[in-house]
Amino acid sequence: MINSLKLKFWLALVLLVVAATSSILWTTTIYMGQKYFSQQQENLFRAGEKLAEYIVAERDIEKIFHQMEIMGSYLNANITLTDAVGRVIICTGRAGFPQNSCQMWAADIIPQELVKNLLSGKKVAVRVESKLLKQDVLFTGVPVVLQDRVLFAILLQAPVKEISGNFFELIKINIFSTIIGIILATILAFWLSTSITKPLVQIKTAAQKIANRDFSHRISYQGKDELGDIVQTINQMAAQLEKYIIAYNKREQNRREFLANVSHELRTPLTIIQGYTEALLDGIVTDEKIREEHLKNILQEAERLKAMANELLDLASIEEGREKLKFEKIDLANFAQDCFNAFKTQFFEKGIELELEVNVQDGKVVGDRSKLLRVVGNLLSNALKFTPAGGKVKFEVIEGEKDYQIHVKDSGPGIPEQDLEKIFERFYKVDKARSSKGFGLGLAITKSIVEAHGGQIFARNNPEGGAKFTVVLPKLPPSADNDLPNDQ
């Protein structure tokens, strides 16, 4: 039982080539054999006709016999000359028959029915069996006619074995050609089967690995044919599945971290609320001022929980796309001035210099104004929180070739290098100089809003000290589905 696709393909190609080659060669052989016999018959007819013309012109029997011998030697055939009633006059002694055996040769080879046709003035040709030679003989007859009267008959007999010599040589050549064809077909079939089944084996291996949840494997076949298209599709599918699994695992990890962080953030205020409430209910606290302080602490922690819940809802709504952004064309110069005006008093009261620099030409960006105000507000609030008194914060709006950039640079302690890539994660808080009582959700919300606008946000430390946050917003609208109002 043949289970190998490579072997099946190889055998199929070999059999196909052998069948096609054999059919063509043997059909050609048969056709050429028939053609060869027809040509030999025509040669005998032409020789008989030329000899008939010679006999009419030359009545010398010796010269005629000499001419018959020349032709017989050339054609490798017996030539017999008979009179008008079929009696043998002379013959050449070819094919092992002496000259004095002409009568016996003629009686053996010549069908009487054809002799009658010949002597009536018709050319005749037939392949008959010779009892003397024990083989087939090609017989042709040409009448010698003068003034519509048959004077003589010329009989030409060529043994088929002699004629078939070249024919069998042709058969040998065809057999040799068939063998060569089989060898070449075997080599070609092996090469083709290998070149075709090799990528199929790779596809099988890749499919098995995908079935075993190994999506990192790629097929190396680089053909430009249909197999190449299949390989490319499988590689793309594996890459997409790999990305999906990585993203899924990351989401699962984020979900677990999120639950752990939420549990941690809830534990402290809930513990405080529980402690104060139990103290009030147990009657331990009798002093009215202390009771009022406990109630204020309970209210403060409850408000803190409410704020965290609102931030979590906002973050989830933005990330899942449930909160529709109201896009409009925003004049960045006016937008930056509004942000500056909203925070300059707070910076002044803390003794921090707030500098505004706007360098835009067209200065119109497409976005949700309230959400972008929240982005800049978060960045300025962080800068205000972590910049010591006497420090400086620079707020810049710059127009690039394809985007707008918003920079907030402070002169605070900066961000530890190990925290730069993590500060935009949910609930992540820097434990050193930038730690605070917040929930670690502000920058995560900021990043989600920026990405919803088709932009980017990143942070780095300034060489001269302090941190720098950069928001990059594209000039083109992030979605063509939003109806934008006219220029404001």
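The protein is annotated in an unreviewed UniProt entry as histidine kinase of Carboxydothermus ferrireducens DSM 11255. Recorded in UniProt under Subcellular location (unreviewed entry), the annotation for the protein is "Cell membrane".

The subject of this paragraph is the overall build of the protein. Summing up its helical and strand segments, the protein has ten helices and twelve strands in all. Across the 488 residues that make up the protein, the buried fraction comes to 37%. Of the contacts formed within the protein by residues at least 6 apart in sequence, a portion of 65% connects residues at least 24 apart. Here the protein has roughly 29100 Å² of accessible surface; of this, 55% comes from carbon and sulfur atoms.

Take the packing of aromatic side chains next. Enumeration according to the criterion identifies zero aromatic pairs in this entry. Over the ring of F45 we find K123; its NZ or CZ atom is 4.7 Å from the centre of that ring.

Core analysis: the biggest nonpolar cluster contains 39 residues, and L354, L379, L380, F395, F469 and V471 have the highest contact counts within it. Of all elements in the fold, only α8 (332-350), α9 (369-386), β9 (392-399), β10 (403-410), α10 (442-452), β11 (456-461) and β12 (467-474) reach the threshold of two or more residues within this core. Filtering out sequence-adjacent residues up to four positions away, F469 remains in contact with L379, I406, H407, V408, I415, I423, F424, L443, F458 and A459. In terms of nonpolar packing, the next biggest core, distinct from the first, is built from 21 residues, L44, L51, A52 and I64 among them.

On to the pattern of salt bridges, then. Within the structure shown, the criterion is met by ten salt bridges. For K447, the salt bridge is made with E451, and the minimal N-O distance between the two is 4.0 Å. Separated by four residues within a single helix, K447 and E451 lie in helix α10, roughly one turn from each other. The partly exposed category is assigned to K447, whose relative accessible area is 31%. With a relative accessible area of 47%, E451 lands in the partly exposed category.

As a further point, take the packing of α8 against α9. It is at 10 Å that the axes of α8 and α9 come closest, and there the two elements cross at 25°. Overall, the two elements α8 and α9 adopt an arrangement that is roughly parallel. Crossing geometry of α8 relative to α9 is assigned as right-handed. Each of F335, D338, C339, F343, Q346, F347 and K350 in α8 lies in contact with α9, whose residues at this interface are R369, L372, L373, V376, G377, L380, S381, L384 and K385. Of the residues belonging to the contact of α8 with α9, the class tally is nine nonpolar, three polar and four charged.

Once that is clear, we can look at unusual backbone geometry. A positive phi is found at Q147, a non-glycine position, where the angle reads about 55°. Note on placement: Q147 falls in the loop between β4 (135-146) and β5 (149-159). Its relative accessible area of 74% is what places Q147 among the exposed residues. Positioned with a positive phi, D148 is a non-glycine residue whose angle comes to about 60°. Looking at the secondary structure, you find D148 in the loop between β4 and β5.

Conventions we followed
- Within each chain, residue numbers correspond to sequence positions counted from 1 in written order.
- Only residues with pLDDT of at least 70 are given local features in this predicted model, and only at 80 or more are side-chain atom pairs given and counted; all residues enter the totals for whole chains, interfaces and linings.
- Water and hydrogen atoms play no part in the side-chain values, which are based on all heavy atoms of the structure.
- UniProt positions are given in the numbering used here, feature names are shortened, and annotations may be inferred rather than shown by experiment.
- We count a stretch as a helix when DSSP gives it H or I for four or more residues in a row; a strand needs E for two or more, and each element gets its number in order from the N terminus.
- Only protein chains enter the accessibility calculation, which uses a 1.4 Å probe; a residue whose area is less than 20% of its type maximum is buried, one above 50% is exposed, and one in between is partly exposed.
- Throughout, a contact is declared for two residues whenever any of their heavy atoms are within 4.5 Å.
- Per-residue accessibility takes into account occlusion by the displayed protein chains alone, with areas from the Shrake-Rupley method and a 1.4 Å probe.
- In this analysis, rings of Phe, Tyr and Trp, with Trp reduced to its six-membered ring, are considered paired at centre separations within 6.5 Å, and the interplanar angle assigns stacked below 30 degrees, edge-to-face beyond 60, and tilted for intermediate values.
- A ring is considered to have a charge above it if a Lys NZ or an Arg CZ atom is located within 6 Å of its centre and within 35 degrees of its normal.
- In this text, buried Ala, Val, Leu, Ile, Met, Phe, Trp, Tyr and Cys residues form a nonpolar core when linked through side-chain atoms within 4.5 Å.
- Any carboxyl oxygen of Asp or Glu within 4 Å of a side-chain nitrogen of Lys or Arg constitutes a salt bridge here.
- Only the contacting stretch of a helix is used when fitting its axis, a line to C-alpha atoms as for every element, and angles between N-to-C directions run 0 to 180 degrees.
- The labels follow the angle: roughly parallel below 35 degrees, roughly antiparallel above 145, roughly perpendicular from 65 to 115, and oblique for the rest.
- Here is the rule for handedness: rotate from the far helix to the near one, and if that takes an anticlockwise turn smaller than a right angle the crossing is left-handed, while a clockwise turn gives right-handed.
- Under the grouping applied here, Gly and all other residues not named as nonpolar or charged are polar, the nonpolar ones being Ala, Val, Leu, Ile, Met, Phe, Trp, Tyr, Cys and Pro and the charged ones Asp, Glu, Lys and Arg.

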